[in-house]
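Remarks on the overall topology
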Amino acid sequence: MNPSPNPPVDPPVDPFTALPDLALRAYGGSVVAASDESFAEKENLIRPGRPSFRPHTFGARGQVYDGWETRRRREPGHDWALVRLGLPGAVRGVVVDTAHFTGNHPACASVEAASVEGYPTVAELRAAEWTEIVPRSALKGDAEHFFEVAGERCYTHVRLNAFPDGGIARLRVHGEPRPDLSLHDGLGLDLAALENGGLVTDCSNAFYSSPNNVIAPGLARHQAEGWETARRRGGGNDWLVIRLAGAGTVKLAEIDTTNLVFNAPGWASLTGTGPDGEIVLLPKTRLLPDTRHRFRIAETAVVTHVRVDIYPDGGLARVRLHGVLGR
């Protein structure tokens, strides 16, 4: 019996794609297993960036694709790929991208999710309890398909199902990181980091790149891996707000302008908000281009959010707010 088609929704007005991709390889995601990858490797599913394509580029297995492609299925069943999320969290939306796959994309796809503690094997994952978060839905060739996901449950893995076979270029799993912070009890941590549950909830301008880049894991390799605003022509200044991993005390701030040589801000300041109101953590302070700045924070107030103001505009590679959870 054929399923009734479930067409993907158009990108919403306030798109879930503004949230971080929990599955991204650069955030620690991994495609741990797939039913088949005869034509193109499963690892391509979670690579950063848009899929590329060079026509008439043939290898020993046919046209080379920047995606995951399985053989033509001659037996019952369907293909699947298991993805460990680099950032466990609540999923808000999924993008299934069939870019450059035209006559060889799956007819339908679905996505399931599971929450499995520790470091499960593939066999343990396949035996886990899975929840369908994207029903079996029709796919088009060479297109992005957007699916909103509801619910507050935290997931660690997703399973992409392709019916019956074919090629998918990218899988994006957007949501809010919600890691287990009990490992850090009694220890310091970066309260702003995406991998610890931090999230940029608002910003003045994201013309060139996402503000969530500033709290991403690792160092920015180039300018596009940070946050950069348009050139400001009026008064005022640009800013962003970080919701911390939890209420805590910031001890050390790092403001990194690496790779921003001619477009770094001239100055920056940090303002915290918490149970006792608003507090200045770092007054307006001069910055240098292409430099990792570190500042000790004297204020000991507990804060839940930190506003980063840059003057007047420009970009930041990373913001780190090292401290301790709780009072």
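In short, a report on the structure.

**A few points about the pattern of salt bridges**
Enumeration over the complete set of coordinates arrives at 20 salt bridges. Its salt-bridge partner being R73, residue E75 comes within 3.3 Å of it at the nearest N-O pair. Judged by its relative accessible area of 46%, E75 falls in the partly exposed class. A salt bridge links R294 to E254; the nearest nitrogen and oxygen atoms lie 3.4 Å apart. You can see R294 sitting in strand β18 (residues 292-296) and its partner E254 sitting in strand β15 (residues 238-256), a full 40 residues away along the chain. The class for E254 is buried, based on a relative accessible area of 6%. Connected through shared salt-bridge partners, R92, E152, E176, R178 and R243 make up one network.

**With respect to the side chain of N196**
Within the secondary structure, N196 is located in the loop between β12 (189-190) and β13 (199-203). On the accessibility criterion, N196 (10% relative accessible area) is buried. In terms of polar contacts, N196 uses its side chain to reach the backbone carbonyl oxygen of D190, at 2.9 Å. Apart from the residues lying within four places of it in its own chain, the contact partners of N196 are P179, L181, H184, L189, D190 and A245.

**Brief notes about the environment of V324**
Position of V324 relative to the elements: it lies in strand β21 (residues 318-325). Through-space distance from the C-alpha of V324 to that of L189 is 6.3 Å; in sequence the pair is 135 residues apart. Setting aside chain neighbours within four positions, we find V324 in contact with L187, G188, L191, G248, T249 and K251.

**Considerations on the nonpolar core**
Formed by 62 residues in total, the largest nonpolar core has its most connected members in I242 and L321. When residues of this core are assigned to their parent elements, the largest contribution, 7 residues, is made by strand β5 (residues 79-97).

**Section: the packing of aromatic side chains**
One pass over the structure, following the stated rule, counts 2 aromatic pairs. Between F16 and F146, the aromatic rings sit 6.4 Å apart at their centres with planes inclined by 50°, giving tilted as the arrangement. Of this pair, F16 sits in the segment before β1 (30-34) while F146 sits in strand β8 (residues 144-148), and the two are 130 residues apart along the sequence. For the pair formed by F16 and F146, the shared burial category is buried. Stacked on the ring of W267, the Lys or Arg K284 has its end atom at 5.2 Å from the ring centre.

**Brief notes about unusual backbone geometry**
Omega for the bond connecting F163 with P164 falls within 30 degrees of zero, at -10°, which places this linkage in the cis form. Examined against the element boundaries, P164 turns out to sit in the loop between β9 (154-163) and β10 (167-168). Looking along the chain, the bond that leaves Y311 and enters P312 is cis, with omega of -15°. Tracing the chain through its elements places P312 in the loop between β19 (303-311) and β20 (315-316). The phi dihedral of H100 falls on the positive side, at around 75°, and the residue is not glycine. If you trace the backbone, H100 turns up in the loop between β5 and β6 (108-114). Positive phi, normally seen in glycine, also occurs at D142, with a value near 50°. Structurally, D142 can be placed in the loop between β7 (131-138) and β8. Judged by relative accessible area, D142 falls into the partly exposed class, the value being 45%.

**Focus: the pairing of strand β11 (residues 170-177)**
For β11, the buried fraction is high: 8 of the 8 residues fall into the buried class. With 8 bridges connecting them, β5 and β11 associate as antiparallel partners. Among the inter-strand pairings, V96 is bridged to a residue of β11, identified as L171.

Definitions and cut-offs
Residues numbered from 1 in each chain as written. Predicted model: local features only at pLDDT ≥ 70, side-chain atom pairs only at ≥ 80, totals over all residues. Heavy atoms only, no water. Salt bridge = Lys/Arg side-chain N within 4 Å of Asp/Glu carboxyl O. Buried < 20%, exposed > 50% of the residue type's maximum accessible area, 1.4 Å probe, protein only. Helix = DSSP H or I, 4+ residues; strand = E, 2+ residues; numbered from the N terminus. Polar contact = N/O pair within 3.5 Å; in protein donor to acceptor, adjacent residues only side chain to side chain. Contact = heavy atoms within 4.5 Å. Core = buried A, V, L, I, M, F, W, Y, C linked by side-chain atoms within 4.5 Å. Phe/Tyr/Trp six-rings, centres within 6.5 Å; stacked < 30°, edge-to-face > 60°. Lys NZ or Arg CZ within 6 Å of the ring centre and 35° of its normal. Pairing = 2+ DSSP bridges.

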